[in-house]
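Residues per chain, in single letters:
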Amino acid sequence: EDKVVQSPLSLVVHEGDTVTLNCSYEVTNFRSLLWYKQEKKAPTFLFMLTSSGIEKKSGRLSSILDKKELFSILNITATQTGDSAIYLCAVAASYNPLPGGSEKLVFGKGMKLTVNP
Amino acid sequence: DGGITQSPKYLFRKEGQNVTLSCEQNLNHDAMYWYRQDPGQGLRLIYYSQIVNDFQKGDIAEGYSVSREKKESFPLTVTSAQKNPTAFYLCASATGYTEAFFGQGTRLTVV
């Protein structure tokens, strides 16, 4: 069974702190790993990672994937109260191993981040 | 504007009733997904579909049914067999090689 595990499940920090969110996975036919931020309703896309060791960066957020150890981290530096949200990690896994085959998205339980002023 | 639309935003169901949640996308995406989210939890996969007239069960398909008669539409029916249907339901679509786009969700409450 495909599995995505996030840790910690919740975290409370002060503004200005740096946080690291972890995501490990066990899936058959890995395609990509995605990070989302969910504040109220629809999750919004942050990063998609397909290759090991290549950091993706957007402002104060960055993420990297290790396909050998089967995990990814999401870093947020100089946190702000607006970073308070649930952060979701998802893995796209192919259930049809043929090229261009179909895939499904499996999500972890999410990590609730609270940034206090 | 291209996007994915879920309706209704809020839905109330009496015990023993079936209800259908709508999900429509005009992004020309092949893949569509239904997830359930309980308070403080991540997303759990109910059903997914890659092509018209084909769909696969996710991790928690019991008590739910779907259809994919058109590429744009992937409705989810919550049947009376689902014992604990109160939750937030999210629909998503993707091309398979990009990120998934989500609808705004439907909050279903059993009264």
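Residues numbered from 1 in each chain as written. Chains lettered and ligands numbered in written order. Predicted model: local features only at pLDDT ≥ 70, side-chain atom pairs only at ≥ 80, totals over all residues. Heavy atoms only, no water.

Describing the overall build of chain B
Phase 1 of the analysis: The helix and strand tally for chain B stands at zero helices and 11 strands.
Phase 2 of the analysis: Ordering the α and β elements of chain B from the N terminus gives β-β-β-β-β-β-β-β-β-β-β.
Phase 3 of the analysis: Relative to its length of 111 residues, chain B is compact, with a C-alpha radius of gyration of 13 Å against a globular reference of 13 Å.
Phase 4 of the analysis: Along the three orthogonal principal directions, the C-alpha set of chain B runs to about 40 × 25 × 20 Å.
Phase 5 of the analysis: Burial analysis of chain B (111 residues in total) assigns 50% to the buried set. (Helix = DSSP H or I, 4+ residues; strand = E, 2+ residues; numbered from the N terminus. Rg over C-alpha atoms; globule rule 2.2 N^0.38 Å. Buried < 20%, exposed > 50% of the residue type's maximum accessible area, 1.4 Å probe, protein only.)

Quick look at the sheet that holds strand β3 (residues 19-25) of chain B
Picture the strands of a sheet paired through backbone hydrogen bonds; they go either parallel or antiparallel.
Residue and element names in this part refer to chain B.
Phase 1 of the analysis: The strand order across the open sheet built from four strands is β1-β3-β8-β7, with neighbouring strands paired in antiparallel fashion. Because the sheet does not close on itself, it has two edges, and the strands there are β1 (4-7) and β7 (64-66). Mean inter-strand twist for the sheet, computed between neighbouring axes without regard to direction, equals 20°.
Phase 2 of the analysis: Relative to strand β8 (residues 76-78), β7 runs antiparallel, the two sharing three bridges. Each residue of the ladder has a partner; that of Y64, found in β8, is V78. (Pairing = 2+ DSSP bridges. Axes fitted to C-alpha atoms, helices over the stretch in contact; angles between N-to-C directions.)

Some thoughts on the sheet that holds strand β6 (residues 56-58) of chain A
Residues and elements named next belong to chain A.
Phase 1 of the analysis: Reading across the sheet, the five strands line up as β1-β3-β8-β7-β6 and stay open at both edges, with antiparallel pairing between neighbours. Looking along the sheet, the strands with just one partner apiece sit at the ends: β1 (3-7) and β6. Neighbouring strand axes in the sheet, compared pairwise and without regard to direction, differ in orientation by 15° on average.
Phase 2 of the analysis: Bridging between β1 and strand β3 (residues 19-26) involves five bridges; their strand directions are antiparallel. Across the sheet, residue S7 finds its bridge partner in β3, namely N22.

Let's talk about the packing of aromatic side chains
Phase 1 of the analysis: For the coordinates displayed, the defined rule picks out 11 aromatic pairs over all chains.
Phase 2 of the analysis: Ring geometry for Y36 of chain A and F107 of chain A: centres 5.8 Å apart, planes at 45°, overall tilted. One end of the pair, Y36 of chain A, is in strand β4 (residues 30-38); the other, F107 of chain A, is in strand β10 (residues 103-107), with 71 residues separating them in the sequence. Taken individually, Y36 of chain A and F107 of chain A each receive the classification buried, so the pair is uniform in this respect.
Phase 3 of the analysis: Ring geometry for Y47 of chain B and F55 of chain B: centres 5.9 Å apart, planes at 80°, overall edge-to-face.
Phase 4 of the analysis: Taking relative accessible area as the criterion, Y47 of chain B reaches 8% and is therefore assigned buried.
Phase 5 of the analysis: On the basis of relative accessibility, which here comes to 35%, the residue F55 of chain B falls in the partly exposed class.
Phase 6 of the analysis: An aromatic cluster of at least three residues, connected via ring pairs, comprises Y36, F45 and F107 of chain A together with Y33, Y35, Y48 and F102 of chain B. (Phe/Tyr/Trp six-rings, centres within 6.5 Å; stacked < 30°, edge-to-face > 60°.)

Quick notes on the state of the cysteines
Phase 1 of the analysis: If you walk through the whole model with that rule in mind, you get two disulfides over all chains.
Phase 2 of the analysis: Across the disulfide from C23 of chain A sits C89 of chain A; the S-S distance is 1.9 Å. Looking along the S-S bond of the C23 of chain A-C89 of chain A disulfide, the torsion reads about -70°, which is the left-handed sense. Linking C23 of chain A in strand β3 with C89 of chain A in strand β9 (residues 85-94), this pair joins segments that are 66 residues apart in sequence.
Phase 3 of the analysis: Disulfide partner of C23 of chain B: C91 of chain B, at an S-S distance of 1.9 Å. Because the sign of the S-S torsion sets the handedness, a value of about -75° for the bond joining C23 of chain B and C91 of chain B places this disulfide among the left-handed ones. (Disulfide = S-S within 2.5 Å.)

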